[in-house]
Amino acid sequence: MKFRYAMVCSSNQNRSMEAHSLLKRQGFDVSSYGTGSHVKLPGPSLREPNVYDFGTPYKQMFDDLRRKDPDLYKRNGILPMLKRNSSVKLAPQRWQENAADGSFDVVLSFEEKVFDMVIEDLHNRDQALMKSVLVINLEVKDNHEEAAIGGRLALDLCQEIEAVESWEDSIDEIIAAFETKHRRKLLYSISFY
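Below: a short report on this structure. What you see is a predicted model, and the numbers here were worked out from it, not measured in a lab.

### Structural notes on the packing of helix 1 (residues 15-25) against helix 4 (residues 78-88)
Part 1 of the reasoning: Direction vectors running N to C along helix 1 and helix 4 enclose 45°, while the axes themselves pass 10 Å from each other. With respect to helix 4, the element helix 1 is oriented oblique. In terms of crossing hand, the pair formed by helix 1 and helix 4 is left-handed. Residue-level contacts link Met17, Glu18, His20, Ser21 and Lys24 of helix 1 to Arg84, Asn85, Ser87 and Val88 of helix 4.
Part 2 of the reasoning: For the contact of helix 1 with helix 4, the per-class residue count stands at two nonpolar, four polar and three charged.

### Digging into the packing of helix 2 (residues 58-68) against helix 4
Part 1 of the reasoning: Running from amino to carboxyl end, helix 2 crosses helix 4 at an angle of 160°, the nearest separation of the two axes being 8 Å. For the element pair helix 2 / helix 4, the angle class is roughly antiparallel. The crossing of helix 2 and helix 4 is left-handed. Residue-level contacts link Tyr58, Lys59, Met61, Phe62, Leu65 and Arg66 of helix 2 to Ile78, Leu79, Leu82, Lys83, Asn85 and Ser86 of helix 4.

### With respect to the environment of glycine 102
Part 1 of the reasoning: When you line up the elements, glycine 102 lands in the loop between helix 4 and strand 5 (106-109).
Part 2 of the reasoning: With relative accessibility at 30%, the residue glycine 102 sits in the partly exposed group.
Part 3 of the reasoning: Distance in space between the C-alpha atoms of glycine 102 and leucine 65 is 33 Å, their sequence separation being 37 residues.

### Here's the deal with the packing of aromatic side chains
Part 1 of the reasoning: In the structure shown here, the tally under the stated rule is four aromatic pairs.
Part 2 of the reasoning: Summarising the aromatic geometry, the rings of tyrosine 5 and phenylalanine 28 are spaced 5.3 Å apart at their centres and angled 80° between planes, so their arrangement reads as edge-to-face. Taken as a pair, tyrosine 5 in strand 1 (residues 4-9) and phenylalanine 28 in the loop between helix 1 and strand 2 (29-34) lie far apart in primary sequence, 23 residues in all. Neither residue differs from the other here; tyrosine 5 and phenylalanine 28 are each classed as buried.
Part 3 of the reasoning: Ring geometry for tryptophan 95 versus phenylalanine 104: centroids 6.3 Å apart, planes at 35°, classification tilted.

Definitions and limits used
Residues numbered from 1 in each chain as written. Predicted model: local features only at pLDDT ≥ 70, side-chain atom pairs only at ≥ 80, totals over all residues. Heavy atoms only, no water. Axes fitted to C-alpha atoms, helices over the stretch in contact; angles between N-to-C directions. Helix = DSSP H or I, 4+ residues; strand = E, 2+ residues; numbered from the N terminus. Parallel < 35°, antiparallel > 145°, perpendicular 65-115°, else oblique. Left-handed = near helix turned anticlockwise from the far one by under 90°. Contact = heavy atoms within 4.5 Å. Nonpolar A, V, L, I, M, F, W, Y, C, P; charged D, E, K, R; others polar. Buried < 20%, exposed > 50% of the residue type's maximum accessible area, 1.4 Å probe, protein only. Phe/Tyr/Trp six-rings, centres within 6.5 Å; stacked < 30°, edge-to-face > 60°.

This is the structure in structure tokens:
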């Protein structure tokens, strides 16, 4: 694989991790992140989410929620999701704290608010390398079913990008073909490292 990819959602739990898992299994050089201030997972009610710091291992969250209410968190898909996540990497990572991970060629977000935060963060960094980075938003609802669909769409899009010599020369055609094929609108922007 010739490009480095980053999958980004709010909490680095569902959408970004579904795509990360799928792309990793296909041999892509991929990482994933969240842009939120904390990692939030559904709780017993909308007003009672489970909140963790980025860097808290997925296994620790799994054990915590299994101890709190194993039936609820199995039924709503959180325990299986955390199990999958822990097989991909140790813990959720925050996009704004990822400079040490190096630069990416393509960053894929799954929510417009996240897309905006990624672009803002890239603009606030020192653009010392003057290396271009393609930032794309594929809007995906934050639920397990949509994340599974979004992961497959992300894989398809990344395979199209990977198939060209230089994404800079053909991104307009790739985006247009993807939008026609999947009837999904994409936002994209080019930033620099």
